[in-house]
Amino acid sequence: MILVIDFGGQYAHLICRRIRQLNVYSEIRHHSISAADVKKLRPAGIIFSGGPASVYYPEPPLFEKKILSMGVPILGICYGHQIIAKVSGGRVITGGKEYGKGVLKPKKSPLFKGLGKKEQVWLSHGDSVVKLPRGYSVIGSTERCKTAAYANEKKRVYGIQFHPEVQHTPNGMRILANFIKICGAKRNYSIKGLPQKIIGEIRKQIGDNSVIVGVSGGVDSLVASILIKKATPKVYCVYIDHGLVRKGETEYVKGMYKRLGFRNFYAEDASKIFLSRLKGVADPEKKRKIIGNTFIEVFEKKVRSLKKAHGAIKFLGQGTIYPDRIESAKASSAASVIKTHHNVGGLPAKMKLKLLEPLKELYKDEVRAVGKELGIPREYLARHPFPGPGLAVRIIGEVTPDKIEMVREADAIFISKLIKYNCYDRVWQALAALLPVKTVGVMGDSRTYGYVIALRAVTSKDAMTADWARLPNIVLEESSTEIINSIKGVNRVVYDISQKPPSTIEYE
Ligand code: XMP
């Protein structure tokens, strides 16, 4: 495996995904990992990621220096490149800023094998390495940065100021493949055979015990529940309808699990309790907390009744995936720290259930690939993500039954148009949100004063960054017309053209 040491930001995930795409298994660890722990992982190579910090911050993210002399090949990227140079005796200054596309002139090095005389690279730095440590030499320069790439070929330590993991560095994958070659890592990691391996691991972990799985209807919990079902017949799936789900969702999910052969599937209609607790609450965080706590309460109650009816249940299965775990909180292979916003995070501690997270090492595209291997119909695997707190985070301000109806209907219309014009699979996620403003309109000859629906569709690879989708006009036009004509109380539709960051995908 290749170990990615995380110095912050989203870069570490992108690098890790790229290495896996090159068929080498890769994992991320926080930069505070000790050299002893690195050794235990027996990596074939180590990559130091980029990050938003400067080596001149009062407390810059550091690493244990011993890692540099373990004899394992190392590649530092951006901040990683600078911090390696700095702690090894080189000099880094603030200056030589380069943001965006640049041209690299690579020199002869195994890292740059197969590259041209000039290569387009993507840079994003405010600091620069200006003096190299002893034993290091320049292997590439850009116009503004003489030491844009360095190497200590003897120690097999490399640094590059640019980002090979982004698409704007067209030959970035070749550079990463060269690094893999330098490491001598075998390119044999693939999804093929992975489902069987995971099923075997689940069996080992649970023995003869029963498992309760929290399912949402989404891809991750679906693939997780299929894997668990293949490992044991003693599986109970619990789906909670909090009254904030999409139009027709509960029936759809029931049908899906039935079609996939689940016999113990329980759909709990808890909408009344959720909606009564949300009454009068406008603050986004309060809304999320109420939904989270109520979810736990309803789920716990269901577990208790299932235990009464079927005897002991020892495990809680969840569809947690790799990016859900907070790598910056010293990710270790032991306990996974789950995003605070993750729907069922925090359940096991209270319920004394052991966690079973068969997908916790995988990215979304890998989860979909595992699902495909398992023969899950494409329609189910291609479903857009949907947030745990549901439509509540798409109704800005207080959630009321009327508003839920408006946003639910608008969502259904928008999604139907995406499907009609073959755009559903082209976007990562699409949604409708109800804005808390009223504007004036005219319908027939009368003045109206109604709400604004915002439509949002984004393209993304992993939801950590996202761009607004350039949809065909007809999709937006038909959605707008139908929403305004058929949803009472709405007289305006806007399309959201913000990127993430700085915006987020959801509205609250
Ligand atoms: P944001 O809004 O943070 O969303 O850009 C990123 C992705 O996460 C989903 N999301 C959630 N998923 N529980 C979830 O399971 C949540 O509380 C939650 N909030 C946001 C969002 O739909 C998007 O795919």
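Look a little higher up for the structure.
Reference entry: report on the structure contained in this document. (Residues numbered from 1 in each chain as written. Predicted model: local features only at pLDDT ≥ 70, side-chain atom pairs only at ≥ 80, totals over all residues. Heavy atoms only, no water.)

**Observations regarding the overall build of the protein chain**
Here is step 1: In terms of helices and strands, the protein chain carries 14 helices and 18 strands.
Here is step 2: Relative to the globule expectation of 23 Å for 508 residues, the C-alpha radius of gyration of the protein chain, 25 Å, shows essentially globular dimensions.
Here is step 3: Overall, the protein chain is about 75 × 65 × 40 Å in size when its C-alpha atoms are taken along their principal axes.
Here is step 4: Expressed as a percentage of its 508 residues, the buried residues of the protein chain come to 55%.
Here is step 5: In the protein chain, the share of contacts with a sequence separation of at least 24, taken over all contacts with a separation of at least 6, comes to 75%.
Here is step 6: Taken as a whole, the protein chain presents about 23,300 Å² of accessible surface, with 52% of it coming from carbon and sulfur.
Here is step 7: A distance of 7 Å separates the average location of the 82 positive side-chain charges in the protein chain from that of its 46 negative side-chain charges. (Helix = DSSP H or I, 4+ residues; strand = E, 2+ residues; numbered from the N terminus. Rg over C-alpha atoms; globule rule 2.2 N^0.38 Å. Buried < 20%, exposed > 50% of the residue type's maximum accessible area, 1.4 Å probe, protein only. Contact = heavy atoms within 4.5 Å. Areas by Shrake-Rupley, 256 points an atom, 1.4 Å probe, with all protein chains shown as cover. Lys, Arg positive; Asp, Glu negative; His and termini not counted. Charge placed at Lys NZ, Arg CZ, Asp CG, Glu CD.)

**Topic: the environment of Ala-185**
Here is step 1: Of note, Ala-185 is situated in the loop between helix H4 (172–183) and helix H5 (194–206).
Here is step 2: What makes Ala-185 buried here is its relative accessible area of 15%.
Here is step 3: Separated by 85 residues in the primary sequence, Ala-185 and Gly-100 place their C-alpha atoms 31 Å from one another.
Here is step 4: Apart from the residues lying within four places of it in its own chain, the contact partners of Ala-185 are Val-24, Ala-44 and Ile-180.

**Details of the nonpolar core**
Here is step 1: The biggest cluster of nonpolar side chains holds 51 residues, and the ones touching the most others in it are Ile-212, Phe-299, Phe-414, Leu-418, Ile-453, Leu-471 and Ile-483.
Here is step 2: Ranked by residue count, the leading element in this core is helix H13 (residues 401–420), at eight residues.
Here is step 3: For this core, the two domains that each supply at least three residues are domain 2 (194–381) and domain 3 (400–495).
Here is step 4: Residues in contact with Ile-453, not counting those within four places in the same chain, are Met-406, Val-407, Ala-410, Ala-432, Ala-433, Leu-434, Ile-483, Val-490, Arg-492, Val-493 and Val-494. (Core = buried A, V, L, I, M, F, W, Y, C linked by side-chain atoms within 4.5 Å. Domains from an automatic or database assignment.)

**Quick notes on the packing of helix H8 (residues 271–278) against helix H9 (residues 284–310)**
Here is step 1: Between H8 and H9, the least distance of the axes is 10 Å, while the angle of their chain directions is 150°. Considering their axes alone, H8 and H9 lie roughly antiparallel with respect to each other. Seen from above, H8 lies across H9 with right-handed handedness. Of H9, the residues touching H8 (which contributes Ile-273, Phe-274, Arg-277 and Leu-278) are Lys-287, Ile-290, Ile-291, Thr-294, Phe-295, Glu-297 and Val-298.
Here is step 2: A per-class count over the contact of H8 with H9 returns seven nonpolar, one polar and three charged. (Axes fitted to C-alpha atoms, helices over the stretch in contact; angles between N-to-C directions. Parallel < 35°, antiparallel > 145°, perpendicular 65-115°, else oblique. Left-handed = near helix turned anticlockwise from the far one by under 90°. Nonpolar A, V, L, I, M, F, W, Y, C, P; charged D, E, K, R; others polar.)

**Things to note about the sheet that holds strand S14 (residues 354–356)**
For sheets, the rule is that strands pair by backbone hydrogen bonds, running either parallel or antiparallel.
Here is step 1: In spatial order, the strands read S12-S11-S10-S13-S14; together these five strands make up an open sheet with parallel pairing. Edge positions in the sheet fall to strand S12 (265–269) and S14, since each of these pairs with one other strand and no more. In this sheet, adjacent strand axes meet at a mean angle of 25° when their direction is disregarded.
Here is step 2: The pairing of strand S11 (residues 235–241) with S12 spans five bridges and is classified as parallel. The partner of Ile-240 across the bridge, within S12, is Glu-268. (Pairing = 2+ DSSP bridges.)

**What to know about the packing of helix H1 (residues 11–21) against H4**
Here is step 1: For the pair H1 and H4, the least separation of the axes is 10 Å and the interaxial angle reads 70°. By the angle between their axes, H1 is roughly perpendicular relative to H4. On H4, the residues touching Arg-18, Ile-19 and Gln-21 of H1 are Met-173, Leu-176 and Ile-180.

**Focus on helix H6 (residues 219–231)**
Here is step 1: Between its first and last C-alpha atoms H6 spans 19 Å; for 13 residues at 1.5 Å apiece the expected length is 18 Å, and the two agree.
Here is step 2: With 11 of its 13 residues buried, H6 lies for the most part within the structure.
Here is step 3: Among all positions of H6, only Val-219, Asp-220, Ser-221, Leu-222, Val-223, Ala-224, Ser-225, Ile-226, Leu-227, Ile-228 and Ala-231 are buried. (Expected span 1.5 Å × (residues − 1).)

**Re the environment of Gln-161**
Here is step 1: Mapped onto the elements, Gln-161 comes out in the loop between strand S9 (157–160) and H4.
Here is step 2: Judged by relative accessible area, Gln-161 falls into the buried class, the value being 0%.
Here is step 3: A polar side-chain atom of Gln-161 sits 3.0 Å from a polar atom in the side chain of Gln-82. (Polar contact = N/O pair within 3.5 Å; in protein donor to acceptor, adjacent residues only side chain to side chain.)

**Focus: the packing of aromatic side chains**
Here is step 1: A full pass over the atoms with the stated rule returns 13 aromatic pairs.
Here is step 2: Plain terms: the ring middles of Phe-7 and Phe-48 are 5.6 Å apart, the flat faces sit at 35° to each other, and that makes the pair tilted. Taken together, the residues span a long stretch of sequence, with Phe-7 in the loop between strand S1 (2–6) and H1 and Phe-48 in strand S3 (residues 45–48) at a distance of 41 residues. You'll find Phe-7 and Phe-48 in the same group, each marked buried.
Here is step 3: Ring geometry for Phe-7 and Phe-63: centres 6.3 Å apart, planes at 90°, overall edge-to-face. Here the residue Phe-7 occupies a position in the loop between S1 and H1, and Phe-63 occupies one in the loop between S3 and strand S4 (74–77), the gap between them amounting to 56 residues.
Here is step 4: Overall, the relative accessible area of 10% leaves Phe-63 in the buried class.
Here is step 5: Over the face of the ring belonging to Tyr-363 we find Arg-17, whose NZ or CZ atom lies 5.7 Å from the ring centre.
Here is step 6: The ring of Trp-468 is capped by Arg-470, whose NZ or CZ atom sits 3.7 Å from the centre of that ring. (Phe/Tyr/Trp six-rings, centres within 6.5 Å; stacked < 30°, edge-to-face > 60°. Lys NZ or Arg CZ within 6 Å of the ring centre and 35° of its normal.)

**Re the sheet that holds S4**
Here is step 1: A sheet is described by the order of its strands in space; here nine strands give the open sequence S2-S1-S3-S4-S9-S8-S7-S5-S6, paired in mixed fashion. Only two strands of the sheet have a single partner each, and these edge strands are strand S2 (26–30) and strand S6 (119–131). Taking each pair of neighbouring strands and ignoring which way they run, the sheet shows an average axis angle of 25°.
Here is step 2: Two strands pair when backbone bridges link them, and strand S5 (residues 91–106) and S6 are joined in this way by 11 bridges, in the antiparallel orientation. Following the sheet pairing, Lys-101 is matched in S6 by Trp-122.
Here is step 3: Along the sheet face, H1 touches S1, S2, S3 and S4 and points at about 160° away from the line of S2.
Here is step 4: Along the sheet, H4 makes contact with S1, S3, S4 and S9, crossing S3 at roughly 140°.

Note that all results are geometric; they support no functional claim without further evidence.
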